Amino acid sequence: MKFDTPATTNPIDQLKVVGKPVDRVEGPLKTTGTARYAYERHDVAPDHAYGVIVGAGIAKGRIRSIDTARAKSAPGVLAVVTAENAGKLGKGQFNTAALLGGPEIQHYHQAVAIVVAATFEQARAAAQLVKVDYERTPGAFDLKTAKDKAAKPKDGDPDSAKGDFAGAFAASAVTLDATYTTPDQSHAMMEPHATIASWEGDKLTVWTANQMIAWSKGDMAKTLGIPKENVRLVSPYIGGGFGGKLFVRADAVMAALGARAAGRAVAVALQRPLIMNNTTHRPATIQRIRIGASKDGTIQAIGHESWSGDLPGGGPETAVQQTRLLYAGANRMTATRLAVLDLPEGNAMRAPGEAAGMLALEIAMDEMAEKLGMDPVEFRIRNDTQVDPEKPERPFSQRQLVQCLRTGASRFGWDKRVAKPGSTRDGRWLVGMGVAAAFRNNMNMKSAARMRLERNGRVTVETDMTDIGTGSYTIIAQTAAEMMGVPLDRVDVKLGDSSFPISAGSGGQWGGNSSTAGVYAAGMKLREAVARKLGVDPSKATFEGGNVVAGGKTVALSRVAADGELVGEDTMEYGDLEKRFQQSTFGAHFVEVRVDAATAEIRVERMLAVCAAGRIINPKAARSQVIGAMTMGVGAALMEELVVDKRLGFFVNHDLAGYEVPVHADIPHQEVVFLEETDPTTSPMKAKGVGELGICGVGAAVANAVYNATGVRVRDYPVTLDKIIGKLPPIG
Amino acid sequence: MKPFAYERASSPKDAAAKAAKTPGAKFIAGGTNLLDLMKIGVEEPVHLIDVNGLKLDTIEATDDGGVRIGALVRNTELAADTRIRRDYPLLSRALLAGASGQLRNKATTAGNLLQRTRCPYFYDTNQPCNKRLPGSGCAAIGGFSRQHAIVGVSKSCIATHPSDMAVAMRALDATVETVRPDGSTRRIAIADFHTLPGTTPNVETVLAHGELITAVTLPRPVGGVQLYHKVRDRASYAFALVSVALILQPDGGGRVALGGVAHKPWRKSDADAALPKGAKAASDALLAGAETTHDNAFKVTLVERALAATLAEAKETSA
Ligand SMILES: Cc1cc2nc3c(=O)[nH]c(=O)nc-3n(C[C@H](O)[C@H](O)[C@H](O)COP(=O)(O)OP(=O)(O)OC[C@H]3O[C@@H](n4cnc5c(N)ncnc54)[C@H](O)[C@@H]3O)c2cc1C
Ligand code: SF4
């Protein structure tokens, strides 16, 4: 099915199941521990062995020699695989560095060996016996110094310009020119990257934790140099990903190599201290923002430049994206520059681009509002635009930023904020409020599904879509139930298997709308099949209460399929609506913080997000996504930082004791409001992404609240007490 | 993790004797620190002696009006003990500021005193670290050192001792009781128990190989307002950037010990004496001769301000 004209009324609009805050359909499996994650698939791979990966001990250089003799003769060891005996390996389309290093080492903790043994303990003990002799070469590890040699990336859309930015900025009555930095961040999801790999002849099955089944099936094949048809990837449950599991990583490739060498299925879970340097991370940025406005607060010029680094062949953090779209202004420029760094490879982490970009832009907007003597909510509203500011002929499909800001301000009690920073005190606490816009683009991805009407009247959906904790199972079940007019408990959803039709997968907040649109397409096909079976016109048939009603007849679906299941399969594809309309999601974050007047410890007191993100397919699941994203935003604002050792070239705090993410005590009550919205340009679902919107801007709202509380402006994330304490007034 | 032998001791003396017999033997109590370090190859004992069954898990009154806390008393139990809460609230507060509920349920009094540093380079066996591998160098000096020590440091090591409990014990003038492999016992003042890094940061206490901690005693209660103020980036489940243990008497005198600033819980007699003069005077005395790095210089200001806030709170409480 091709979606190339805006949606009109369709079966989803009945909203009997879609739009309802139903519980997770797979919830009972997860709460009873019966949903099996990749590392727990003993049911399908009994008698598997265990693999433990050895990570490189240097950041850059070569392996002079690698001694595996002691490891090989250790108790229980079945195989040791290194680059020397792995055979020729390719590199996946989505990988920057090789997943098995040697002799060349490209980054710290790049895998250099896997030790396979009968038990996990044996494998781990033996892995510690692998001795590697390295020859180090100097590398570039500091973005600040590498920045001057940064280049314009070849791919994508690094720069944009409109009008005369320089002239208008120089002529503006009020200007801001400030530089912000965001650090490298780690996904830090609960479930480590994990895989069980098993060969049957030349056919490979991997039970793994992966967000993008089709991409990764392809990359597994490419890396191992085997035909794609010989790879099956299965990933029904995933314990969080945040972009860290978009790609094939060392766990999958090394498990496959280990299994081939050992002649036995092998299970590998990346050990926590390895994950942060071995896998991908959100790259650090340096961002310069210039805004010029007339005295009344109208933006005349807005410019945003961003620098980030990556290994050779890698990509930039696209932190300027939102600045092209979020605020009006006749004269504009953005620029993206990429430096070569020899740190582990950077890649997508929840809301790549906007998450980092909004951290900077939304402090800049706060700073500008203050310079203008305007309320930061009003300053944003003043510069709203209903069209793409770079291409004014393109309207936004829906844009309720102003409504989000106004609704939020009134619910939060924004009028109680004292504009003068450092002026609200409650006992030992300095109290402040901050606001930021939320913005994240919507993306639609081609997505297929198959639906079966079983002989017993149950409906089964099969698609390789993944559920990384987001609620895919539930919203797909809701969509299928709505399409076929059956209650939710008559739908079974099967996900995450490369033998199913190829879906959008989970990434870029495109999964919810795109995968359900694929189910819509398959549902239409199944409705046709049912109508055909009954010999009626599909467009005249209605599906409700477990029956199909057509031509005056009401027939139970179970009867229609009684003598053989019916199948509908289709792919939802997209035309150019995305080009004609700018499809984005919007929100407003309001945050109150308390800062200890003595120690500068920062604690978040209240949070509110008001979101406008198309039709909300399941308000409960969507709320969970937004509060999770807000929590992650608090982490980004206040504590998350992979600290680079600029001499040794690695992320030093590479475990969950050193890399702090918020704990329960850090997170207060979070309120989330969804504004009424349907967007007929996005898909028949009229929905948009929501999983990433919640993180965009929230960190800046926290930082702005800290400024309002203390009068100390921190432009280098995370906003930690050491950056504030020296500037607080004396106490006592 | 290296394969190791495991055995249970029958008495404290037996445990000490067994440990002394085997080079590379270690005691295991709650295991919350030791096992983590064994898994990543930082600790490699060849022989573990389990001391959990030694009945060292009671809290008893002593003849001089103090308490004796068995080496195996769990942190949770110690913090909840009514006598401790009434007479030594500082200790209870410090314990509850540490780790998490689950960890405190396992963690023991002796294990807590002997927990090892959280320096990230100590944890990464690829990196030079004089504490883990004497003579290999110190990666933290010139590296990431935000958590690290600012007083009592050496050119070999700038690690901190991460315990909260030990800071309170330092302020309370605790004494560590041990039994040695030959069966003899000794009492070590907490002030002398932990050592500074000097040129041998791998040595952290004055305990001899095989010497077993049997108890920690606290002298008779000293009263006053007792506060433990732990400063950290997140609200819970994080090690202290700096912590202040304060006992303030009605006459303005008192005691102060710091965590997060040194290789051991940090207390100075001239700082105690300076307390009536206020936070600045006391923290100047505590941090005299401080040697900071780019990353941890903020701790100097933080100590003074945290102490000032704690003093103010103590005065308010007693008023
Ligand atoms: C995630 C995490 C967070 C934490 N956060 C904090 C915190 O915020 N504050 C804090 O203070 N602590 C914190 N801790 C540390 C925790 O307090 C210690 O791990 C615990 O106290 C150690 O006690 P244990 O009984 O488990 O010791 P074990 O791990 O069993 O032993 C530790 C050491 O003591 C030795 N030992 C044990 N008993 C004896 C004995 N009787 N005589 C001689 N030697 C002995 C062992 O040989 C070993 O070397 C944290 C730990 C973790 C894992
Ligand atoms: S500070 Fe001490 S523990 Fe840390 S690396 Fe240096 S020697 Fe090792």
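Residues numbered from 1 in each chain as written. Chains lettered and ligands numbered in written order. Predicted model: local features only at pLDDT ≥ 70, side-chain atom pairs only at ≥ 80, totals over all residues. Heavy atoms only, no water.

J.: So, the overall build of chain B: which residues are in play, and what are the values?
T.: The number of helices and strands found in chain B is twelve helices and twelve strands. Since a compact globule built from 319 residues should have a radius of gyration of about 20 Å, the 19 Å found for chain B is in line with a globular shape. Projected onto the principal axes, the alpha-carbon positions of chain B cover approximately 55 × 50 × 30 Å. Here chain B holds 319 residues, and the buried ones make up 59% of them. (Helix = DSSP H or I, 4+ residues; strand = E, 2+ residues; numbered from the N terminus. Rg over C-alpha atoms; globule rule 2.2 N^0.38 Å. Buried < 20%, exposed > 50% of the residue type's maximum accessible area, 1.4 Å probe, protein only.)

J.: Give me the site of ligand 2: which residues, what numbers.
T.: Not every one of the 14 residues close to ligand 2 is listed here, only the nearest: Cys 119, Cys 129, Cys 138, Cys 157 and Ile 158 of chain B. Class assignment of the residues belonging to the shell around ligand 2 gives a composition of ten nonpolar, three polar and one charged. (Near = heavy atom within 4 Å. Nonpolar A, V, L, I, M, F, W, Y, C, P; charged D, E, K, R; others polar.)

J.: Any chance you could break down the interface of chain B and chain A for me, citing the residues and the numbers?
T.: Counting from both sides, the interface comprises 37 residues of chain B and, opposite them, 35 residues of chain A. Between chain B and chain A the total buried area reaches about 2,900 Å² when both faces are included, carbon and sulfur atoms providing 55% of it. Among the residues of chain B in contact with chain A, Asp 233, Arg 234 and Arg 305 of chain B are the three that bury the most area, contributing 25% of the side total. Where chain B touches chain A, the interface holds two salt bridges. Viewed at the interface, chain A and chain B are joined by 18 residue pairs in polar contact (both at pLDDT 80 or more). Here the side of chain B that touches chain A gets seven residues from one element, more than from any other, and that element is helix H12 (residues 298–318) of chain B. Classifying every residue of the side of chain B that touches chain A gives 19 nonpolar, eight polar and ten charged. (Contact = heavy atoms within 4.5 Å. Buried area = accessible area lost by both parts, 1.4 Å probe. Salt bridge = Lys/Arg side-chain N within 4 Å of Asp/Glu carboxyl O. Polar contact = N/O pair within 3.5 Å; in protein donor to acceptor, adjacent residues only side chain to side chain.)

J.: Describe the packing of helix H11 (residues 279–286) of chain B against H12 of chain B, naming the residues involved and giving the relevant values.
T.: The relative placement of two packed helices comes down to the angle between their axes together with the axis-to-axis distance. Residue and element names in this part refer to chain B. Axis separation between H11 and H12 bottoms out at 9 Å; the angle between their running directions is 135°. The orientation of H11 relative to H12 falls into the category oblique. For the element pair H11 and H12, the recorded crossing hand is right-handed. Note on element contacts: H12 touches H11 through Val 303, Glu 304, Leu 307, Ala 308 and Leu 311, opposite Ala 279, Lys 280, Ala 282 and Ser 283. For the contact of H11 with H12, the per-class residue count stands at six nonpolar, one polar and two charged. (Axes fitted to C-alpha atoms, helices over the stretch in contact; angles between N-to-C directions. Parallel < 35°, antiparallel > 145°, perpendicular 65-115°, else oblique. Left-handed = near helix turned anticlockwise from the far one by under 90°.)

J.: Tell me about the sheet that holds strand E7 (residues 131–136) of chain A, and please be specific about residues and values.
T.: Note: strands within a sheet are paired through backbone hydrogen bonds, in either parallel or antiparallel orientation. All names here are of chain A. Spatially, the three strands line up as an open sheet ordered E5-E3-E7, and their pairing is antiparallel. A single partner strand is all that each edge strand has here, and the edge strands are strand E5 (104–105) and E7. Inspection of the sheet shows strand E3 (residues 61–67) paired to E5 by two bridges, in the antiparallel sense. Bridge assignment links Gly 61 to a residue of E5, and that residue is Ile 105. (Pairing = 2+ DSSP bridges.)

J.: Quick rundown of the sheet that holds strand E16 (residues 331–340) of chain A? Include the residues and the values.
T.: Residue and element names in this part refer to chain A. Strand order in the open sheet formed by five strands is E8-E16-E15-E14-E9, with mixed pairing between adjacent strands. Two strands bound the open sheet, and with one partner strand each, they are strand E8 (160–162) and strand E9 (174–182). Shown here is a sheet whose adjacent strand axes are inclined to one another by a mean of 10°, direction ignored. Relative to strand E15 (residues 299–310), strand E14 (residues 285–293) runs antiparallel, the two being bridged by eight bridges. Directly across from Gln 287, in E15, lies its bridge partner Ser 306.

J.: Would you mind going over the site of ligand 1 in detail, with residue names and values included?
T.: Residue and element names in this part refer to chain B. Lining the immediate surroundings of ligand 1 are 31 residues, of which Phe 27, Gly 31, Thr 32, Thr 108 and Asp 164 lie closest. Within the backbone of Phe 27, an N or O atom sits 2.5 Å from an oxygen atom of ligand 1. Elements represented by at least two residues in the shell around ligand 1 include exactly strand E2 (25–28), helix H2 (34–39), helix H7 (109–113) and strand E8 (212–218). Ranked by residue count, the leading element in the shell around ligand 1 is H7, at three residues.

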